[in-house]
Amino acid sequence: MASSCLSGLGWIFGLFFSFSFVFFKNPDSPGKSSANVSPEYRTAYHFQPAKYWINDPNGPVYYNGVYHLFYQYNPYAAVWGNISWGHSVSTDLVHWTGVGLALSPTDPYDIDGCFSGSITILPDNTPVIIYTGITSKGEQVQNIAYPKNVSDPYLREWIKSDSNPVIEAADGVNASEFRDPTTAWRGRDGLWRILIGNKVGLGGQAILYRSSDFVHWVQAKEPLHSSADRTGVWECPDFYSYDGKYVLKVSLQVNWVDHYMLGGYDEEKDLFEPSEEFVGYRNWRRYDHGKSYASKTFVDKLNGRRISWAWLNESDTVSDAVEKGWAGIQTTPRVVTLDSNGRQLVQWPVKELESLRKKRVQLHDAELKTGGLLEIKGIRASQAKHGLLIHAIASFFIFWITYADVEVEFEVSDLDGAEHFDPTWLVDPQKLCTEKGASVQGGVGPFGLLVLASEDREEQTAVYFRVFKDHNNTYKVLMCSDQTRSSLRTELDKPAYGGFVDIDIKKDGKISLRTLIDHSVVESFGGGGRTCITARVYPTFLAKSDAHLYAFNNGSTSAKISELKAWTMAKAHIG
Ligand code: DQQ
């Protein structure tokens, strides 16, 4: 509330001084805290409930005109525990209303937690939840629940089945790592199939079960897929297809990353076979190279698209979470498609999010020379720094960038100066981003954005690209999201995330970046969503003053912003 009042005041202030853009919040104003627990860190449009802890998205579904998002929730504290299913509903995927708990740990088969699971809509149009319950012995079993009243548009109350648990781990199956059932699909034989994530040896597997009635389940002889690589348990499996190409996603605690394989599915044998380039855990791709985990997709029947959510964990400390009274948020809902080259998935925020876009700043053909730094704000044509040349500008003179949506296209016509590429770098792009930070001069790049930056840029999150040339004269594009300078606080988790972007920079000459900035979130999509990197950041200055946004180039070759559009965002109703 305080922040929206201040934002209104800022507008008036900005209108008055027509060319000044930054407006300051009074550091002493009520409700503003300089402490680590400022309300400024709560998100404006990334989903989080009104209070307390959340983790995995569960059972997302579109049903009778309403989107439902369930999530792992602690209804008593801002730390993991008492795991229940929170439940919020929406008609547009942007504004959300909490409708209470769908599942609570009340029965012998889930008394120690209602863990993750999914929803399937049965042929008679009844939605059914299948989820993992933790028994008092710590065993993981699978349970089902139905809406108490399917004519309640919000499906507020859920009744657990008398048949629970409907699946218990068979002899020889590790019952303490046996969880997170998928949405079911039906085979040609009419039987339902689900997958359950499991650990086997040091590796993992997706165990397949079949059922004719959703209550009685029989384990298939073979898992849908398994790996002896040291992946540990496969959490939150997800399995779906695009025109005959199948995706198997698993969430791995070994690195807290969602990995996926593309491949084929033999429906007769119920076996998934990864394509050659996805064989071996090291060759699995990542949904997101940052802090994003336990994702789950669903089919939005209304718009014929597949949408994914994922949990964004904290980078702040547990004691701060307790003091703030909340921890954990969700990514924006992202449409997931298969790239036209068939080699990878592409993710993009749902178009509904654009309804929050307000004031826009736009730039065309702005050249970023070596060392160039351009502040994105209400810009005057004379504003040039460090060799920066602005050919054309458009403008609003006030811009609120604590929560914003930025789309930019960088053009690089001269690739001759690209640094030499060492193929071993493919193994660990995060290490490469750590070594080659935004201020380390390169050949082509680093160029990109500095977001959530303080006025003196002591605090900044750099989202940027570097282009390398390998011995075959082909080019590799690295994307980084560097948190190392995101906050002056040292106790935060502040890695420099990285991933390669699968585009042909020589042919295209361009690379796009979209970054969703939301108080303590920087969610970035490189190359049209081919590479996604999400970060949680807690700059100290945000408690007292507003954020700045810059474009920069620290390469020895010029880059151009062919187009930049940045919108301030309205606050969504979330909770
Ligand atoms: N979170 C749930 C589990 C799942 C894990 C527990 C993944 O069901 O395996 O809160 O984050």
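Conventions adopted
Residues numbered from 1 in each chain as written. Predicted model: local features only at pLDDT ≥ 70, side-chain atom pairs only at ≥ 80, totals over all residues. Heavy atoms only, no water. UniProt positions renumbered as here; feature names shortened; annotations may be inferred. Helix = DSSP H or I, 4+ residues; strand = E, 2+ residues; numbered from the N terminus. Rg over C-alpha atoms; globule rule 2.2 N^0.38 Å. Buried < 20%, exposed > 50% of the residue type's maximum accessible area, 1.4 Å probe, protein only. Domains from an automatic or database assignment. Buried area = accessible area lost by both parts, 1.4 Å probe. Polar contact = N/O pair within 3.5 Å; in protein donor to acceptor, adjacent residues only side chain to side chain. Near = heavy atom within 4 Å. Areas by Shrake-Rupley, 256 points an atom, 1.4 Å probe, with all protein chains shown as cover. Nonpolar A, V, L, I, M, F, W, Y, C, P; charged D, E, K, R; others polar. 1 Å grid on protein atoms, 1.4 Å probe; cavity = no way out; pocket = protein on both sides within 12 Å on 5 of 7 lines; lining within 4 Å. Points joined across faces, edges and corners; volume = space filled by probe spheres on them. Pairing = 2+ DSSP bridges. Axes fitted to C-alpha atoms, helices over the stretch in contact; angles between N-to-C directions.

The protein chain carries the name Beta-fructofuranosidase, insoluble isoenzyme 4-like in an unreviewed UniProt entry, which gives Iris pallida as its organism. According to the UniProt record, the Sequence similarities (unreviewed entry) comment for the protein chain reads "Belongs to the glycosyl hydrolase 32 family."

*Asks:* I'd like a rundown of the overall build of the protein chain, residues and numbers included.
*Replies:* When you go through the protein chain residue by residue, the secondary structure sums to four helices and 39 strands. Its C-alpha atoms give the protein chain a radius of gyration of 24 Å, near enough to 25 Å, the size a compact globule of 575 residues would have. Considering only C-alpha atoms, the protein chain reaches an extent of 70 × 60 × 40 Å along its principal axes. Residue burial in the protein chain is summarised as follows: out of 575 residues, 60% are buried.

*Asks:* Outline the UniProt feature "domain: Glycosyl hydrolase family 32 C-terminal" (unreviewed entry) in the protein chain, supporting the account with residue identities and numerical values.
*Replies:* UniProt tags residues 404-567 as "domain: Glycosyl hydrolase family 32 C-terminal" (unreviewed entry). This span, residues 404-567, is 7% helix and 48% strand, and a straight line between its end C-alpha atoms measures 6 Å.

*Asks:* Please provide a residue-by-residue account of the domain arrangement of the protein chain, values included.
*Replies:* Structurally, the protein chain comprises domain 1 (3-7 + 51-349) and domain 2 (357-569). Contact between domain 1 and domain 2 buries roughly 2400 Å² in total, counting both sides, with carbon and sulfur atoms accounting for 49%. Three residues stand out in domain 1 for area buried against domain 2, namely His289, Ser315 and Trp348, and they jointly supply 27% of the buried area on that side. For the interface between domain 1 and domain 2, the tally reads 19 residue pairs in polar contact (both at pLDDT 80 or more). Elements that contribute at least two residues to the side of domain 1 that touches domain 2 include exactly helix H2 (318-324) and strand S25 (345-349).

*Asks:* If you had to explain the site of the ligand to someone new, which residues and values would you point to?
*Replies:* In the neighbourhood of the ligand, the contacting residues comprise Asn55, Asp56, Gln72, Trp80, Phe115, Ser116, Arg179, Asp180, Glu235, Tyr293, Ala294 and Trp311. At 2.7 Å from a nitrogen atom of the ligand is found a side-chain nitrogen or oxygen belonging to aspartate 56. The contact in question runs from an oxygen atom of the ligand to an N or O atom on the side chain of aspartate 180, over 2.5 Å. For the ligand, whose accessible area on its own is 310 Å², the fraction buried by protein is 95%. Mapped by element, the contributors of at least two residues to the shell around the ligand are strand S1 (52-63), strand S5 (114-121) and strand S20 (293-300). A breakdown of the residues in the shell around the ligand according to their chemical character gives five nonpolar, three polar and four charged.

*Asks:* Any chance you could break down unusual backbone geometry for me, citing the residues and the numbers?
*Replies:* One can expect most non-glycine residues to show negative phi and most peptide bonds to be in trans. Look at the link from asparagine 164 to proline 165: it is a cis peptide, with omega at -5 degrees. Structurally, proline 165 is set in the loop between strand S8 (158-160) and strand S9 (178-179). The linkage connecting glycine 445 with the following residue, proline 446, adopts the cis geometry, with an omega of 10 degrees. With a phi close to 70 degrees, leucine 93 is a non-glycine residue in the positive phi region. Residue class for leucine 93 comes out buried when judged on its relative accessible area of 2%.

*Asks:* Now, about the layout of surface pockets: what can you tell me, with residues and values included?
*Replies:* Here the largest pocket defines a volume of roughly 1400 Å³. Lining the largest pocket are 49 residues, with Trp284, Arg286, His289, Leu426 and Pro429 positioned closest to its centre. Put simply, the parts of the chain that give the lining of the largest pocket at least two residues each are strand S17 (257-266), strand S19 (285-286), S25, helix H3 (429-435), strand S33 (475-482), strand S34 (496-501), helix H4 (505-508) and strand S37 (531-536). Broken down by element, the lining of the largest pocket gets its largest block of residues, four residues, from S34. Within the lining of the largest pocket, the residues separate by chemical class into 22 nonpolar, 14 polar and 13 charged. Among the domains, domain 1 (3-7 + 51-349) and domain 2 (357-569) are the pair contributing at least three residues each to the lining of the largest pocket. Put simply, the second largest pocket is a space of about 610 Å³.

*Asks:* Can you lay out the sheet that holds S5 for me, pointing to particular residues and giving the numbers?
*Replies:* Overall, antiparallel pairing links the four strands, which are arranged S5-S6-S7-S8 in an open sheet. The outermost strands of the open sheet, each flanked by one partner alone, are S5 and S8. On average, each strand axis in the sheet is tilted by 30 degrees relative to the strand beside it, whichever way the strands run. Bridge analysis of strand S6 (residues 127-134) against strand S7 (residues 140-147) gives six bridges, and the strand direction is antiparallel. Bridge pairing in S7 places glycine 133 opposite valine 141.

*Asks:* Kindly report on the sheet that holds strand S2 (residues 66-74), identifying the contributing residues and their values.
*Replies:* Overall, mixed pairing links the five strands, which are arranged S4-S3-S2-S1-S22 in an open sheet. At either end of the open sheet lies a strand with only one pairing partner, and these are strand S4 (97-103) and strand S22 (326-327). The pairing of strand S3 (residues 84-90) with S4 spans four bridges and is antiparallel. Across the sheet, residue valine 89 finds its bridge partner in S4, namely threonine 97.

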